[in-house]
Structures are given as structure tokens and as C-alpha cells.
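Survey of secondary and tertiary structure
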Amino acid sequence: MRVFRWFIGLLFIAAFFVINFVVFTEIPFNYKLINVLLFCSLFILIRVVKGPSVADRIVAIDILGILIIGICAILAIALQRSYFIDIGIAWGLQSFIGALALAKFLEGRSLDA
Amino acid sequence: MKLETKSRIVVFFMSLLVWILITMVFSIPSLVAGIVVALITAIFAGEMLIITERKFHLKRVWYTIEYLLKFTWELIKANFHVAYIVIHPLLPIKPGIVKVRTKLKRDSALTMLANSITLTPGTLTVDVDVDNQVLYVHWIDVKSTDIEQTTKDIGGRFEKLLEEIFE
Amino acid sequence: MPDLAFNQIIGYVIICIGIIFDLFGVLGLVRLPDVYNRLQAATKSVTFGSAGILFGVFVYSGFNAMGFKAILAAIFVLLTSPVSAHAIAKAAHKAGIKLTDKTIIDLYRQDKEKSEEQK
């Protein structure tokens, strides 16, 4: 059963890669790379919706913040504008502070101690 | 010169350098704005960077470079380990939380050791007990539960270098 | 494919390696059984992948404003993500979230119970 599910997932990912890199030829290469990262964030959203405990959702949100820094970096070289990396740094900082605050809240301490 | 003043001066020049690297604009108004922001940073948060008086010598720079190279190599190995576990259809994991003893006492050294353990193959620091000098480490593929053996396997990779750098 | 300089090709190769490791980390987030294992896989691979993408941007663009910003962002990611992983793991253990059934040893819980008995 587990091997069967693994095979279904492999087919899903392979189909995405074929559609992204072979079928649509007129999209620029940078945007194809961004498509792969958006596909990754789809998996993260699966974990956010499905996650059995609160800690799973906090982990997923933290990871999403780190992934978006990568998306901002590729946007910066796709559009040749360097301020996208500033946006990425600010987003990462916000996500880091948010993860720390949520972890403290989960631990049962108040936020000012 | 007092230690706090020295630390504030170091923080001022470092934040000015970061400002120049980020903006890359060499006009007078930009530089004045950078100096004002760096001064505010140094006044409000400057006294925390340098805590102890230590002499600078060349050996510590060499150990720092060796630590960075070793850390990069372990990071790459860790990523291939994770890729192997994730791709394998049957998920070959054997997780558990084990104890690791450490000799480091200083806060900065303990923080760097915990961060290094988190980014190396199969391990994640869960808690640090400063009084007993014990780290609790979640290990994804437990090979032994004896504290001496785990200390040698997990902590021994970085402990000597960090001891040379920070203590 | 437009004409690319040599450093730009190397930059694209590093960016592609980073994206592949991002994908592995996210797959680990979906497949592994409990919070601590998910944290391990996701933190390691996604940190390395994002830092790799930023380093690739530095190689691509060379020594200008974009390159230096990318290096600063990579150092920032490498320093902060283990700290947040550590905080989440400790909080999850204190909140009583169970480890998976495959776990063979949990010395942290044993030590906590021992210290509570002494009080």
C-alpha cells in the first residue's frame, strides 16, 4: 500500500515536470523555475490544512517563509530589479519573529517573559 | 577604554558597512542617513556584541576558516542524507531523543554548537541544560544510546574547533 | 536561449541545485511521520536550498548591489532558521505532542519526570 502511494506521488511530480518544462515552450526559463517553487508551496499548504497538531502548522508556516526568500531572489534576476531581495529579507525577518512568538505561545509562556 | 565603548564602536562600523553594501549609492545624503541609522543602532543595542576581553591572534582566524569549511561539508552531507530518506519508498527511520555531554560553558559557543548540530546529518537540538552541560538531541537514525558514544559521534565533530574559537 | 556569460551559466546551475533540494525538503515535510522528523528534513533541506538559490544569484550578478544583498540574505537565512527550528521543537515537546510509534528512546521525557519526582 505504501509503495503504491509512493508510485502515485512519483507520477504526480513527473507529470508536473513534463508539463512545466516540455509542453509549454514559450514561457521564459526564470518563470519555469518560479513555477517549481510554487509547486513546492502547494505541498506546504497540504501540510497546513491536514496537519494533525498545532506544531505541524507552525513548522509549515516557518518553512513557507524561508521558501519565499528563494522566490524573491529568482524574481530579482528575472526582472533585473535588486529591490526584490530587500523584500525577501524583510519577509524572512517577519516570518522568523512570527515563528518565535508562536513557539512561545505554544509552550505556554506569556509573550513578555 | 571601557569594554562597552569598544563594542559600540565595532557595532557602529559594522552596521555602516552593511548599509553601504545594501544601498551601493555613494552620494552625500545617503551616507549621512546611513551614519545616523548606525549611530542609533550603536546607542541602543551596541553593548551586547563584545563581552570579554581577549587578544586577537592569527590562530583563531585559521580555526574559524577550518570550522566554516567543515560546516559546509557537513551541511552538504546532511542534505544528501535527507534526500535519501525522503526518496526511499519505505522511509528507513529510527528516531529517538538522546543526550550529548559538552565541555563548552560560554553562551555564544553553546549557541553555535546547537546551530551546527541542527544543520548536520540527522540531528536536531531540542533543549540545552546549561547547569549540567547536557544537550538533548533528536536523532533520526539512532545508532547508540550510551552518552559517551553519542558525545563522540555528534558533538565531537565541532566541539574542539569551537573551543579554540570561543573560549 | 539567449547568450549567457560563463558566470551566468554557473549561477543557473547553482540555482537549479537549490531548487531540487527545496523540493526534497518539502517532500520530507509531507511524508515523514511526526513533528520532530518533519522539522529535521524541512529545516535542513529548505535552508540549504534557499541559501543555494541566493548564492546562485550572487554568482549570476557578480559584485554589484544585487550580489551583496543576496550574500547578506543567505547569511541571514543560515543564522536564523536553526534558531526557529530549535524553538519550535522545544515548545512542541513541552506542549506534550507525542513522538511517533517508531521512536525507540526518549531520554528528555525520562529526565523531566525524574526531576519532577525529586521536587
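Analysis parameters
- Residues numbered from 1 in each chain as written.
- Chains lettered and ligands numbered in written order.
- Predicted model: local features only at pLDDT ≥ 70, side-chain atom pairs only at ≥ 80, totals over all residues.
- Heavy atoms only, no water.
- Contact = heavy atoms within 4.5 Å.
- Buried area = accessible area lost by both parts, 1.4 Å probe.
- Salt bridge = Lys/Arg side-chain N within 4 Å of Asp/Glu carboxyl O.
- Polar contact = N/O pair within 3.5 Å; in protein donor to acceptor, adjacent residues only side chain to side chain.
- Helix = DSSP H or I, 4+ residues; strand = E, 2+ residues; numbered from the N terminus.
- Patch = residues over 30% accessible without salt bridge, like charges linked within 9 Å, V, L, I, M, F, W, Y side chains within 5 Å.
- Areas by Shrake-Rupley, 256 points an atom, 1.4 Å probe, with all protein chains shown as cover.
- Buried < 20%, exposed > 50% of the residue type's maximum accessible area, 1.4 Å probe, protein only.
- Domains from an automatic or database assignment.
- Pairing = 2+ DSSP bridges.
- Axes fitted to C-alpha atoms, helices over the stretch in contact; angles between N-to-C directions.
- Lys, Arg positive; Asp, Glu negative; His and termini not counted.
- Charge placed at Lys NZ, Arg CZ, Asp CG, Glu CD.
- pLDDT = per-residue confidence, 0-100.
- Phe/Tyr/Trp six-rings, centres within 6.5 Å; stacked < 30°, edge-to-face > 60°.
- Parallel < 35°, antiparallel > 145°, perpendicular 65-115°, else oblique.
- Left-handed = near helix turned anticlockwise from the far one by under 90°.
- Nonpolar A, V, L, I, M, F, W, Y, C, P; charged D, E, K, R; others polar.
- Disulfide = S-S within 2.5 Å.

Quick notes on the interface of chain C and chain B
At the interface, 39 residues of chain C touch 41 residues of chain B. Carbon and sulfur atoms supply 72% of the area buried between chain C and chain B, which totals about 3,700 Å² over both sides. Applying the counting criterion to the chain C and chain B interface returns one salt bridge. Between Asp127(B) and Lys90(C) there is a salt bridge, with its nearest N and O atoms 3.8 Å apart. Applying the counting rule to chain C against chain B returns eight residue pairs in polar contact (both at pLDDT 80 or more). Those elements that place two or more of their residues in the side of chain C that touches chain B are helix H1 (6-31), helix H2 (35-61), helix H3 (65-94) and helix H4 (107-118) of chain C. By residue number, the principal contributor to the side of chain C that touches chain B is H3(C), which donates 13 residues.

Remarks on a nonpolar patch on the surface
Residue and element names in this part refer to chain B. Together, Ile28, Val32, Ile35, Val36, Leu39, Ile40, Ile43 and Phe44 make up a nonpolar patch on the protein surface, roughly 800 Å² of accessible area in all. Mapped onto the elements of the fold, isoleucine 28 is located in helix H2 (residues 28-45). On the accessibility criterion, isoleucine 28 (65% relative accessible area) is exposed.

Section: the domain arrangement of chain B
Under the domain assignment, chain B is made up of domain 1 (3-48) and domain 2 (58-166). Distance from the C-alpha centre of domain 1 of chain B to the C-alpha centre of domain 2 of chain B: 34 Å.

What to know about the sheet that holds strand E2 (residues 123-129) of chain B
What the three strands build is an open sheet, ordered E1-E3-E2 (chain B); its pairing is antiparallel. The open sheet terminates on both sides in strands that have one partner only, identified here as strand E1 (96-101) and E2 of chain B. On average, adjacent strands in this sheet sit at an angle of 30° to one another, irrespective of strand direction. Sheet topology places E1(B) next to strand E3 (residues 134-139) of chain B; six bridges connect them, and they run antiparallel. Paired with Gly96(B) across the two strands is Trp139(B), which belongs to E3(B). The sheet strands contacting H2(C) are E2 and E3 of chain B, and the helix crosses E2(B) at an angle near 115°. The strands that H3(C) touches are E1 and E2 of chain B; relative to E2(B), the one it contacts most, it runs at about 70°.

Quick look at the side chain of His138(B)
Position of His138(B) among the secondary structure elements: in strand E3. Residue contacts for His138(B): discarding those within four places in its chain leaves Pro95(B), Gly96(B), Ile97(B), Gly122(B), Thr123(B), Leu124(B), Val126(B), Tyr36(C), Asn37(C), Gln40(C) and Leu99(C).

Details of a positive patch on the surface
Together, Arg2(A), Arg5(A), Lys50(A) and Lys102(C) give the surface a local cluster of positive charge. Structurally, Arg2(A) is set in helix H1 (residues 2-23). Among the residues examined, Arg2(A) registers a relative accessible area of 43% and is labelled partly exposed.

Details of the confidence of the model for chain B
Caution is warranted with low-pLDDT regions, since their predicted coordinates should not be read in detail. Per-chain confidence: chain B averages 82 in pLDDT, with 95% of residues scoring 70 or above. When pLDDT is averaged over each element of chain B, H2(B) comes out on top at 90 and helix H5 (residues 147-153) of chain B at the bottom at 75.

Observations regarding the pattern of salt bridges
Using the criterion set out here, one finds five salt bridges over all chains in the structure. A salt bridge links Asp56(A) to Arg38(C), with the shortest nitrogen-to-oxygen separation between them at 2.3 Å. Of this pair, Asp56(A) sits in helix H3 (residues 54-79) while Arg38(C) sits in helix H2, each in a different chain. Just as Asp56(A) is buried, Arg38(C) falls in that class too. Residue Lys69(C) is joined to Asp86(A) by a salt bridge in which the shortest nitrogen-to-oxygen separation is 3.4 Å. Residue Lys69(C) is located in helix H3, and its partner Asp86(A) is located in helix H4 (residues 83-107); the two belong to separate chains. Taking the relative accessible area as the measure of exposure, Lys69(C) reaches 5% and is therefore buried.

Brief notes about the packing of aromatic side chains
With the rule as written, the count across this model stands at 16 aromatic pairs over all chains. Arranged with centres 5.6 Å apart and planes meeting at 80°, the rings of Phe16(A) and Phe17(A) form a pair that is edge-to-face. Take Phe17(A): its relative accessible area is 29%, and that puts it in the partly exposed class. With a centroid separation of 6.1 Å and 55° between ring planes, the pair formed by Phe63(C) and Phe68(C) is classed as tilted. Linked through ring pairs, Phe12(A), Phe16(A), Phe17(A), Phe21(A), Phe39(A) and Phe43(A) together constitute an aromatic cluster.

Overview of the packing of H1(C) against H2(C)
All names here are of chain C. Between H1 and H2, the least distance of the axes is 7 Å, while the angle of their chain directions is 165°. By the criterion of interaxial angle, the relationship of H1 to H2 is roughly antiparallel. Helix-helix and strand crossings are classified by hand; for H1 and H2 the assignment is left-handed. Among the residues making up the contact of H1 with H2, the classes are represented as 17 nonpolar, 11 polar and two charged.

Thoughts on the state of the cysteines
Enumeration according to the criterion identifies zero disulfides over all chains in this entry. The thiol of Cys16(C) is not disulfide-bonded; the next cysteine sulfur, from Cys40(A), is found 13 Å away.

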